[in-house]
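One letter stands for each residue in the lines below.
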Amino acid sequence: MKNQKARIIGTGRHRLSTDGDGVTTLVAFHGCPLDCRYCLNPQSLGDGSRFREYSPEELYDECRIDELYFIATNGGVTFGGGEPCLRPEFIREFRRYCGPAWQLNLETSLNVPTVNLEALLPVVDALIIDIKDMNPDI
Ligand code: SF4
C-alpha cells in the first residue's frame, strides 16, 4: 500500500549512542502486541489518543533536517515504539524516500510474524532486540 499513514506517538532528535550508531532520530510507533507491566512507553498502548498520523513521505520530510548529522556520523533513524515490526510496509517506503545512506535501526521484541521480519531485514541496518521472556505463559 503506497503512502499509507502510521500512528506515531513521538520523535526525538539528536540522540547519541542510545539508539544505534551516530546521531539518530528516534521514531516511536503507536501499537504493540505485548502489554508489559513495566512498559516505559504506555502511550504506545491503549486507544492511542496521543499520536499523530504520518505518511512515510511526511516523516521523511521531518527527519531530513538532520541529514548532515546522519551522514557525518553514520547515524540515521531508529524506529521504536510500541513495536515497529508491525509496520514493515511503512518502513520499506520510508527507505525508498531516504535512500541507502541513512542507517535505519529497529528496536523490537521480535514478537511479530516472521513474514514481517522477512520484509524488513532487506531495508534495515541494525536491530536492537529486547526479548521479554521465552515463556509464552509469562
Ligand atoms: S514490548 Fe515494549 S512497547 Fe510493547 S508493551 Fe512491552 S515495554 Fe511496552
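Scroll up to find the structure.
As the structure is a prediction and not an experimental result, all values here were calculated from the model.

How each quantity is defined
- Residues numbered from 1 in each chain as written.
- Predicted model: local features only at pLDDT ≥ 70, side-chain atom pairs only at ≥ 80, totals over all residues.
- Helix = DSSP H or I, 4+ residues; strand = E, 2+ residues; numbered from the N terminus.
- Rg over C-alpha atoms; globule rule 2.2 N^0.38 Å.
- Buried ≥ 20, exposed ≤ 12 C-beta atoms within 10 Å, placed from the backbone.
- Contact = placed C-beta atoms within 7 Å.
- Axes fitted to C-alpha atoms, helices over the stretch in contact; angles between N-to-C directions.
- Parallel < 35°, antiparallel > 145°, perpendicular 65-115°, else oblique.
- Left-handed = near helix turned anticlockwise from the far one by under 90°.
- Nonpolar A, V, L, I, M, F, W, Y, C, P; charged D, E, K, R; others polar.
- Arc of directions from axis to C-beta.
- Pairing = 2+ DSSP bridges.
- Near = placed C-beta within 6 Å.

K.L.:
Hey, could you go over the overall build of the protein for me, with residue numbers and the actual values?
P.N.:
On a plain count of helices and strands, the protein comes out with four helices and six strands. Going from the N terminus to the C terminus, the protein shows its helices and strands as β-β-β-α-α-β-α-β-α-β. The C-alpha atoms of the protein give 14 Å as radius of gyration, which agrees with the globular expectation for 138 residues (14 Å, within 12%). By principal-axis analysis of the C-alpha atoms, the protein measures approximately 45 × 25 × 25 Å. Of all 138 residues assigned to the protein, the portion counted as buried reaches 35%. In the protein, once contacts between residues fewer than 6 apart in sequence are set aside, the share between residues at least 24 apart is 67%.

K.L.:
Can you tell me about the packing of helix 1 (residues 56–63) against helix 3 (residues 88–98), naming the residues and giving the values?
P.N.:
Relative to each other, helix 1 and helix 3 sit at 50°, their axes nearing to 9 Å. With respect to helix 3, the axis of helix 1 lies oblique. The chirality of how helix 1 crosses helix 3 is right-handed. For the pair formed by helix 1 and helix 3, the contact residues are Pro-56, Glu-57, Leu-59 and Tyr-60 on the first element and Phe-90, Glu-93, Phe-94, Tyr-97 and Cys-98 on the second. Across the contact of helix 1 with helix 3, the residue classes break down as seven nonpolar, no polar and two charged.

K.L.:
Provide a residue-level description of helix 1, including the pertinent values.
P.N.:
If you check which residues of helix 1 are buried, you get Pro-56, Leu-59, Tyr-60 and Cys-63. Projected down its long axis, helix 1 carries its buried residues within an arc of 100°, all on one side. Against the buried residues of helix 1 lie strand 2 (23–29), strand 3 (52–54), strand 4 (76–80) and helix 3.

K.L.:
Mind laying out the sheet that holds strand 2, listing which residues take part and the relevant values?
P.N.:
Read from one edge of the open sheet, six strands run 3-1-2-4-5-6, paired in mixed fashion. Two strands in the sheet have a free side with no partner beyond their single neighbour: strand 3 and strand 6 (126–129). For this sheet the average axis-to-axis angle between neighbouring strands, irrespective of direction, equals 35°. Where strand 5 (residues 103–108) and strand 6 come together, four bridges link them in parallel fashion. Within the sheet, the bridge partner assigned to Leu-106 lies in strand 6 and is Leu-127.

K.L.:
Tell me about the pairing of strand 4, residues and numbers included.
P.N.:
Most of strand 4 sits out of view: five of its five residues are buried. Sheet topology note: the strand 2/strand 4 ladder contains five bridges and is parallel. The residue of strand 4 that forms the bridge with Thr-24 is Gly-76. Of the pairings in the sheet, the one linking strand 4 to strand 5 comprises four bridges and is parallel in character. In the strand pairing of strand 5, Val-77 is matched with Leu-104.

K.L.:
I'd like to hear about the site of the ligand, residue by residue, with values.
P.N.:
The ligand sits among 13 residues. The nearest are Cys-32, Leu-34, Cys-36, Cys-39 and Ser-109. Of the residues assigned to the shell around the ligand, the class counts are six nonpolar, five polar and two charged.

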